Amino acid sequence: MATIRFHETTTATPRQFIDGLTDFGPGRSKLFQNSADASLEVHSVGAHEADVTEGSGGVWERLHYDWTDPQHVKLTTTDSNLFGGASGHTYTLTPRPDGTTDIDAALVREGKNLKGRMVAGFLCTVGRHSLAKAFAASVKAIETRIKTSGATLS
């Protein structure tokens, strides 16, 4: 099992970050490069949870999103072609006195087959840098969307 941790500080509020994270509409791939629009299937969305299948490049997973706690968002992998067990994502959002938000993210990858174990091992070593860049790009994309939409900070 591989656990990869990331940290970013954003000008977005926790609510704004969650709004970006849970925007399952067209153009999701502009915010999250590992979520191809053609592979996105929204099974259900509630006030604080969603059931979504997404992925890209031949890797997909069905995730249960839970943002009941606005400072702790959990995505649990419920099905995938590569990952199982404890796989998923966790985002801890901590507002700072200067109006920014610290985001601590943890990505857990537990391969459920040989290919999944190989990919998890790759991600934990060589792929860590690419994943960190993708996470930083997603945070910046959410910030840009906020700025261009004229959204007020909430």
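What counts and how
Residues numbered from 1 in each chain as written. Predicted model: local features only at pLDDT ≥ 70, side-chain atom pairs only at ≥ 80, totals over all residues. Heavy atoms only, no water. Helix = DSSP H or I, 4+ residues; strand = E, 2+ residues; numbered from the N terminus. Contact = heavy atoms within 4.5 Å. Salt bridge = Lys/Arg side-chain N within 4 Å of Asp/Glu carboxyl O. Buried < 20%, exposed > 50% of the residue type's maximum accessible area, 1.4 Å probe, protein only. Pairing = 2+ DSSP bridges. Axes fitted to C-alpha atoms, helices over the stretch in contact; angles between N-to-C directions.

A. The overall build of the protein chain, seen in detail. Helix and strand content of the protein chain: four helices and seven strands. In sequence order, the protein chain lays out its α and β elements as β-α-α-β-β-β-β-β-β-α-α. Taken along its principal axes, the extent of the C-alpha atoms in the protein chain is 45 × 30 × 25 Å. Residue pairs at least 24 apart in sequence account for 48% of intrachain contacts in the protein chain once pairs closer than 6 positions are excluded.

B. Structural detail: the environment of Lys74. Positionally, Lys74 belongs in strand E5 (residues 72-80). Taking the C-alpha atoms as reference points, Lys74 and Ala106, 32 residues apart in sequence, are found 9.7 Å from one another. Residues within four places of Lys74 in sequence aside, it is in contact with His64, Tyr65, Asp66, His89 and Thr90.

C. Geometry of the pattern of salt bridges. Counted under the stated rule, the structure contains nine salt bridges. A salt bridge links Glu54 to Arg28; the nearest nitrogen and oxygen atoms lie 2.9 Å apart. Residue Glu54 is located in strand E3 (residues 49-56), and its partner Arg28 is located in helix H2 (residues 28-31); the two are separated by 26 residues in the primary sequence. Its relative accessible area of 3% is what places Arg28 among the buried residues. A salt bridge links Asp51 to Arg62, with the nearest nitrogen and oxygen atoms 2.5 Å apart. One end of the pair, Asp51, is in strand E3; the other, Arg62, is in strand E4 (residues 59-69), with eleven residues separating them in the sequence. Each of Arg96, Asp98 and Asp102 takes part in salt bridges that share partners, so that together they form one network.

D. How the structure looks around the sheet that holds E4. With respect to topology, seven strands assemble into an open sheet ordered E1-E7-E6-E5-E4-E3-E2, the strand pairing being antiparallel. At either margin of the open sheet sits one strand with a lone partner, and together these are strand E1 (2-10) and strand E2 (41-45). Ignoring strand direction, the axes of neighbouring strands in this sheet form an average angle of 20°. Bridging between E1 and strand E7 (residues 101-109) involves nine bridges; their strand directions are antiparallel.

E. Representation of the pairing of E5. One ladder, built from seven bridges, connects E4 with E5; its direction is antiparallel. Across the sheet, Tyr65 pairs through a bridge with Leu75, a residue of E5. The loop that links E4 with its antiparallel partner E5 comprises two residues. Note that E5 and strand E6 (residues 88-95) share five bridges and pair antiparallel. Its bridge partner being in E6, Leu75 is matched across the sheet by His89.

F. Region of the structure containing the pairing of E3. Burial analysis of E3 places six of its eight residues in the buried class, which makes it a mostly covered element. Two strands pair when backbone bridges link them, and E2 and E3 are joined in this way by four bridges, in the antiparallel orientation. Looking across to E3, one finds that Val45 is bridged to Ala50. Following E2, the chain reverses through three residues before pairing antiparallel with E3. Here E3 runs beside E4; their pairing, made up of eight bridges, is antiparallel. Along E4, the bridge assignment pairs Ala50 with Tyr65. Taking the residues between adjacent antiparallel strands as the criterion, E3 and E4 are bridged by two residues, where Gly57 takes a positive phi near 60°.

Coordinates in, geometry out; function isn't part of it.
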